[in-house]
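Notes for the structure review
Letter by letter, the chains look like this.
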Amino acid sequence: MTLLLMSSLLSRQLLYALLYLPLPCSRMKMKTCKARVLVLMLSVIFWSASFSCAAWESEELNNPYPEDENNQAVLYESFSERPKHLDPAVSYSNSEYTFIAQIYEPPFQYHYLKRPYQVVPLTAVRMPEVSYLTLKGEKLGNGVNDSDIAFTEYIIEIQPGIRYQPHPALAKNIQGDYKYHQLDKAQIEAATSLNDFKATGSRELTAEDYVYQIKRLAHPKIQSPIAEIMKNYIVGFDDYSKQVKDKAKTAIRDLPIEGATALNRYQYRIRIKGKYPQFIYWLAMPFFSPMPWEADVFYSQKGLADKNITLDWFPIGTGPYLMAENNPNRRMILLKNPLFHVESYPTEGEPEDAQKGLLVDAGKQLPFIDKVVFMLEKETIPYWTKFLQGYYDASGIASDSFDQAIQFTGSGDVALTPTMLEKGIQLQTSVATSSFYMGFNMLDAIVGGTTEQARKLRQAIAIAVDYEEYISIFTNGRGVAAQGILPPGIYGFDDKTGINPYVYEWLNGKAAAPVGKAQRKKIDAARQLMTEAGYAGGIDPKTKEALILYFDTTTTSIDDRPRMNWYRKQFEKLGIKLVIRGTDYNRFQEKMRTGNAQIFVWGWNADYPDPENFFFLLYGANSKVQHGGENAANYHNPEFDRLFEQMRNMNNSEQRYRIIQQMQEIVRHDAPWVFGYHPKNFSLFHGWYKNIKPNLMANNLLKYTRINTADRAEKRRQWNKPVFWPLVLGSAVFVLMLIPAINTYRRRVRKSIQ
Amino acid sequence: MTQYIIRRLLYSLPLLMGVNILTFVLFFVVNSPDDMARMQLGQKHVTGQSIANWKQQHGYDVPLLWNADAQGEKKITDTIFYQKSVGLFLFRFGVSDSGRNIGADIKERAWPSLAVALPTLLVGLLVNICFALMMVLFRNSYLEHAGIVLCVILMSISSLFYIIGGQFFIGKVLRLVPISGYDDGMAAIKFLILPVLIGVFSGIGSGVRWYRTLFLEEVEKDYVRTARAKGLTETQTLFQHVLPNAMIPILTGVVVVLPLLFMGSLIMESFFSIPGLGSYTIDAINSQDFAIVRAMVFLGSVLYVIGLLLTDISYTLVDPRVRLS
């Protein structure tokens, strides 16, 4: 419409030009004639541009996807970090699980809706039969002491009839031989991607495939990141690693491993050392997904790796999706697996789930989406803009777009801004099962050790470092200050009464618990602790000057300077001079390994929802300097270690809960960490995105997602009408500006001739 | 000429070897094979055994430059330097530390880089030369002064501003093209319009001023006065006489960058999600992937040497006085 109005402004000139055009130029002055032609040309250009623009106004010129996908059930997501590995034996990061969790299926999974997190069968028929054995292999009855258990046996039965996705590795010729297992040089030369192998095949999933994958975990050439852990648990794992060390990846098929055996076509047994109830969580991770031996035989053929055709890049699974395109530098495409087995949307969840519309699809066959397109977006600006234009269905919130999306209400709650609400965008928040903390090296002469002086110094610092302020300044309020080692959502976390009494106090006294509000102790309390520690006013009695402490970090860029200054200021409250020792990642790691760091910040993201996965970070036998483990603070407290050893093998119970609280109390008192914060995830979803429920443990969530495609197509049309008039106006101004330039040129030529 | 080219290519061999050694030394001064293993293995559950295993699998369990324990020629050949770097001279880039074939990756990523860089270069060249000639045409007038001021303003603005501003105005406000992305074949055009436009626009300031200087130098020469005396118009003088004579310095700047167009632009490709080579090296440095770093530095050096050689050859094409010997 605007364009047409703009065009009408020039219509008078057009009419004028048309009226005079039939007259031969000789009857007019030459100058007038040229001007008429110019006006006519301009008008014609303008009109044709206007009509073209009007025709385009109804189209989405900025649509980055093919037109024919507009009304299809395609989900558009983005990724900012290219995955390094897609082999389930090797992958161990969120950026990789985003893909492989949709493709591979371990025997168990987390229930999508139920909380607390619950492990349920995926390809398994039921939860495993667990039995405890003596050293001689005799079965123990119920109520047995943990110390009597030499082995635990898991017998897992998988569902019959589950089939692998169509894949060239499984393609057979009419004789029944594998078609692509003995490729000749010409075939390999001709192939540029996996899709060049046109024939595909499938076969039924068997228990042997799960056993084969466990063997793969043990093979040193596969380099599984959990191989070292599993050596401690799966029987015969270490011996098997040594046995196959120099053998090809494909050789393991016929070499049995003691701790994993296929009992029949659909049943297999895993035997682990001692009792380790958390093993069930490992069985819900992609590491324990099935792998057909044919995959290794196919991909091991010489020449394929040179074309990047490897198992690490082209997975083969039984899951709801298959990898149709893998270009980690541009996009990854998952397509619905045509052979996906019967799996339906959960029919029960938490009480409020039905009210939230999360059970609308109960009982329906999964998945709902036909195709998932992951686009590489490294920069937040184009990513955010595309989300607002409707070209991404979901988005996180970067700090530079936070104010545009989120506002805080008077009561401190978060809400969407009116602009977001107008677009029908939904907000979902969840506290991550992660902890960021400031650690003290307990081997350090000043901040470490179990002396009263060092403990009080650490406690004083714990009060002074105001993580509520940190969350407010550096994370836009997206975090919860930690009261202990466990984040919310992990068994043993106490959100009502479980404050850290050495750092916090109840706002209105103890009686206010459990509904009262905890507040950080006044800085005077910290100063008092400093005095008791022998550092009155922050003065080191040895030097008679301000106590100097060292903070080791890898954050050395100019963007991190405010954060470092903030840390400095927190310590200044106590009169301590904090020296920031910025270094690169390698040197930092080296300092941590050798125990040369003094104070550092670190984080941990839960592998599984069990307190053992957090408390082990302070277990003495895991200390980094002595044992190369994950206890970066090198904390060692015999009582804590004793309780940990008792707690880790227990099933969740009242007794286990009590032990957890005891352990919390010990670490709060000893303060090897300043318990930092648990980050809060903020995610935005368009109104057409259905079945949204945060599940921080499960990664295979895409199968539950549903998209209202008609709604999306309509909204995109509304939001992306092209705007042409500034372009047309700019062009017109440019052309008009040429006229004086041409006149100047003419004058100059005429002048030089004269 | 052939002799000259062969000689230049032979000269480049020690140069490339030097670049190779320098890259190797610089990389391993900062990173040890243990550091590389830790970076590749991630942060969880990394033990000494898994590091040793990684090093063995990736060939980093031998000494860097000299194997004192080995016998004979193996003192040199059983080293990381020999095993990782010699293949480069045969353009065998090998496999990255994360397991991907580097040669295949480069081949795949070079074309999108070229798809942005080549039109940007050509259109930019055309626009810059045209504007520079116009400024020379209108020299000593208000138009020229205004043009110079505009050029200084344009070249004073950060290229990041052009990118973000262009994405905001054309992609977000006008919604005329996709704000970022890429596609194969002809479908790539709609994704290339904006980066090319921004690339050209951001280079106008410096480009026009540079070419204007070259042309101004030429228009003061005797042959131009002769051309004018013959009665040629200013346009004819500029396009038929000044432009061809100003081609040598133009070629110097253009031909030398031609081979490097494959290498892409980090910021441009990052903002427009172009799957090119721009970020390949930076990503590799961040992930301590020595295999990619050495391959890309080597490739960059080779392309630069080729660029310089092409520049020399192109001189003979535009200036008959130049002979390569």
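Residues numbered from 1 in each chain as written. Chains lettered and ligands numbered in written order. Predicted model: local features only at pLDDT ≥ 70, side-chain atom pairs only at ≥ 80, totals over all residues.

**A few points about the overall build of chain A**
Keep this limit in mind: Under the DSSP-based scheme used, a helix requires at least four consecutive residues in state H or I and a strand at least two consecutive residues in state E, with every element numbered from the N terminus. Field definition: a residue is buried when 20 or more other C-beta atoms are found within 10 Å of its C-beta, exposed when 12 or fewer are, and partly exposed for counts in between, with C-beta atoms placed from the backbone. Note that contacts rest on C-beta atoms placed from the backbone: two residues are in contact if these are within 7 Å.
Each helix and strand counted, chain A has 23 helices and 27 strands in total. Structurally, chain A occupies a C-alpha span of about 115 × 85 × 55 Å along its principal axes. Every one of the 754 residues in chain A was classed for burial, and the buried ones make up 40%. Here the contacts in chain A between residues at least 6 apart in sequence split such that 70% fall between residues at least 24 apart.

**A short note on the overall build of chain B**
So the rule is basically this: As defined in this context, the radius of gyration uses C-alpha atoms, and a globule is described by 2.2 Å times the residue total to the power 0.38.
When helices and strands are counted, chain B shows 15 helices and 0 strands. For chain B, whose C-alpha radius of gyration is 25 Å, the value lies well above the compact-globule estimate of 20 Å for 325 residues. Taking the principal axes of the C-alpha coordinates as reference, chain B spans close to 85 × 55 × 35 Å. Expressed as a percentage of its 325 residues, the buried residues of chain B come to 35%. A fraction of 68% describes how many contacts in chain B between residues 6 or more apart in sequence connect residues 24 or more apart.

**A look at the interface of chain A and chain B**
What counts, and what does not: In this classification, the charged set is Asp, Glu, Lys and Arg, the nonpolar set is Ala, Val, Leu, Ile, Met, Phe, Trp, Tyr, Cys and Pro, and all remaining amino acids, among them Gly, are polar.
Taken residue by residue, the interface counts 46 residues in chain A and 44 residues in chain B. Listed by contribution, the elements that provide at least two residues to the side of chain A that touches chain B are α6 (227–230), β11 (371–376), α10 (380–388), α17 (585–594) and α23 (725–753) of chain A. Partitioned by chemical class, the residues of the side of chain A that touches chain B number 20 nonpolar, 14 polar and 12 charged.

**Topic: the sheet that holds strand β1 (residues 74–79) of chain A**
Residues and elements named next belong to chain A. This is how it is decided: In this description, strands pair whenever DSSP reports at least two bridges between them. Only the contacting stretch of a helix is used when fitting its axis, a line to C-alpha atoms as for every element, and angles between N-to-C directions run 0 to 180 degrees.
Read across the open sheet, the 4 strands follow the order β1-β11-β10-β9; overall the sheet is mixed. At either end of the open sheet lies a strand with only one pairing partner, and these are β1 and β9 (321–327). Neighbouring strand axes in the sheet, compared pairwise and without regard to direction, differ in orientation by 20° on average. Here helix α3 (residues 94–103) sits on the sheet in contact with β1, β9 and β10 (331–336), set at roughly 140° to β9.

**Here's the deal with the confidence of the model for chain A**
Note the threshold: Confidence scores per residue from the predictor, reported as pLDDT, run from 0 to 100.
Confidence in the prediction for chain A averages 89 pLDDT; 90% of positions are at 70 or higher. Of the regions scoring below 50 in pLDDT, residues 1–28 of chain A engages in 31 contacts with residues more than four places distant in sequence or in other chains.

**Observations concerning helix α6 (residues 102–137) of chain B**
Selection rule: Expected helix span is given by 1.5 Å per residue-to-residue step, counting one fewer step than there are residues. The seven residues ending at a residue and the seven starting there each receive a fitted axis; the angle between those axes is the bend at that residue.
If you check α6 of chain B, its first and last C-alpha atoms are 50 Å apart, about what 36 residues at 1.5 Å a residue would give, namely 52 Å. Within α6 of chain B, the axis deviates most sharply at leucine 114 of chain B, by approximately 30°.

**A look at the nonpolar core**
Residues and elements named next belong to chain A. In plain terms, the rule: Definition of nonpolar core: a set of buried Ala, Val, Leu, Ile, Met, Phe, Trp, Tyr and Cys residues joined via C-beta atoms within 7 Å.
Counting residues in hydrophobic clusters, the biggest one holds 96 residues, and the most contacted among them are Ile214, Leu217 and Val372. Element by element, the count of residues in this core is highest for helix α5 (residues 207–218), at 7 residues. For isoleucine 214, the residues in contact, after removing those within four places along its chain, are Ile234, Ile257 and Ala260. The next biggest cluster of nonpolar side chains, apart from the first, holds 62 residues, and it includes Met442, Leu443, Phe615 and Ile660.

**Structural notes on the environment of isoleucine 499 of chain A**
Residue and element names in this part refer to chain A. By the element assignment, isoleucine 499 lies in the loop between β17 (479–481) and β18 (504–506). With 166 residues separating them in the primary sequence, isoleucine 499 and glutamate 665 have C-alpha atoms 9.9 Å apart. Excluding its chain neighbours within four sequence positions, the residues that come into contact with isoleucine 499 are Gln483, Tyr504 and Ala518.

**As for the environment of methionine 1 of chain B**
Position of methionine 1 of chain B relative to the elements: it lies in the segment before α1 (2–30). Along the primary structure methionine 1 of chain B and tryptophan 111 of chain B are separated by 110 residues, whereas in three dimensions their C-alpha atoms are 31 Å apart.

**What about the confidence of the model for chain B?**
Per-chain confidence: chain B averages 87 in pLDDT, with 99% of residues scoring 70 or above. For this predicted complex, the interface confidence comes out at an ipTM of 0.86, alongside a pTM of 0.87.

**Focus: the sheet that holds strand β4 (residues 129–133) of chain A**
Residue and element names in this part refer to chain A. Spatial ordering of the open sheet is given by β5-β4-β6-β8-β7, a layout of 5 strands whose pairing is antiparallel. Taken across any chain shown, the strands that pair with only one partner, and hence form the sheet edges, are β5 (139–140) and β7 (260–264). Bridge count between β4 and β5: 2 bridges; the pairing is antiparallel. Counted as the bridge partner of leucine 133 is lysine 139 from β5. Docked against the sheet, α5 engages β7 and β8 (267–273), running at close to 175° with respect to β7.

**Focus on the pairing of β7 of chain A**
Residues and elements named next belong to chain A. By the bridge criterion, 4 bridges tie β7 to β8 in an arrangement that is antiparallel. When the sheet's bridge partners are listed, alanine 260 is paired in β8 with isoleucine 270. The hairpin formed by β7 and β8 contains 2 residues between the paired strands.

**A closer look at the packing of helix α20 (residues 638–648) of chain A against helix α21 (residues 654–670) of chain A**
All names here are of chain A. The criterion, for reference: When an angle is under 35 degrees it counts as roughly parallel; over 145 it counts as roughly antiparallel; between 65 and 115 it counts as roughly perpendicular; any other value is oblique. By convention the crossing between two helices is left-handed if the near helix lies anticlockwise of the far one by an angle smaller than a right angle, and right-handed if it lies clockwise.
Look at α20 against α21: their axes get within 10 Å of each other, and the N-to-C directions meet at 155°. Relative to α21, α20 is oriented roughly antiparallel. As α20 packs across α21, the resulting crossing turns out to be left-handed. Contacts from Glu639, Phe640, Leu643, Phe644, Gln646 and Met647 in α20 reach Arg656, Ile659, Ile660, Gln662, Met663, Ile666 and Val667 in α21. Here the residues of the contact of α20 with α21 are counted per class, giving 9 nonpolar, 2 polar and 2 charged.

**Overview of unusual backbone geometry**
In this model, arginine 115 of chain A is joined to proline 116 of chain A through a cis peptide bond whose omega is 0°. Following leucine 366 of chain A, the chain continues to proline 367 of chain A via a peptide bond in cis, the omega torsion being -5°. Note on placement: proline 367 of chain A falls in the loop between β10 and β11. Even without a glycine there, the phi angle at asparagine 691 of chain A is positive, about 65°. Within the secondary structure, asparagine 691 of chain A is located in the loop between β26 (689–690) and β27 (706–707). Under the C-beta neighbour-count criterion, asparagine 691 of chain A is labelled buried, with 20 such atoms within 10 Å. Despite not being glycine, phenylalanine 91 of chain B shows a phi value in the positive range, around 60°. Residue placement: phenylalanine 91 of chain B occurs in the loop between α5 (80–85) and α6.

**Topic: the environment of tryptophan 673 of chain A**
Residues and elements named next belong to chain A. Within the fold, tryptophan 673 resides in strand β25 (residues 673–685). For tryptophan 673 and tyrosine 299, which are 374 residues apart along the polypeptide, the C-alpha to C-alpha distance reads 47 Å. Sequence-distant contacts of tryptophan 673, that is, excluding residues within four places in its chain, are made with Tyr437, Met438, Gly439 and Ala633.

**Considerations on the packing of α10 of chain A against helix α8 (residues 159–173) of chain B**
With their axes 11 Å apart at the nearest point, α10 of chain A and α8 of chain B run at an angle of 15° to one another. By the angle class used here, α10 of chain A and α8 of chain B are roughly parallel. You can see that α10 of chain A and α8 of chain B cross each other, and the crossing is right-handed. Residues Ile381, Pro382 and Thr385 of chain A of α10 of chain A form the contact with α8 of chain B, whose participating residues are Ile164, Gln167, Gly171 and Lys172 of chain B. Split by residue class, the contact of α10 of chain A with α8 of chain B holds 3 nonpolar, 3 polar and 1 charged.

**Considerations on helix α3 (residues 48–58) of chain B**
To keep things clear, this is the line we draw: In this description, one arc is meant: the one made by directions from the helix axis to the C-beta atoms.
Buried within α3 of chain B are the following residues: Ser50, Ile51, Asn53, Trp54 and His58 of chain B. The arc enclosing the buried residues of α3 of chain B, seen along the axis, measures out at 160°, which places them on a common side. The secondary structure elements touched by the buried residues of α3 of chain B are α6 of chain A together with α2 (33–41) of chain B. Two residues or fewer past α3 of chain B, glycine 59 of chain B is found with a positive phi of approximately 75°.

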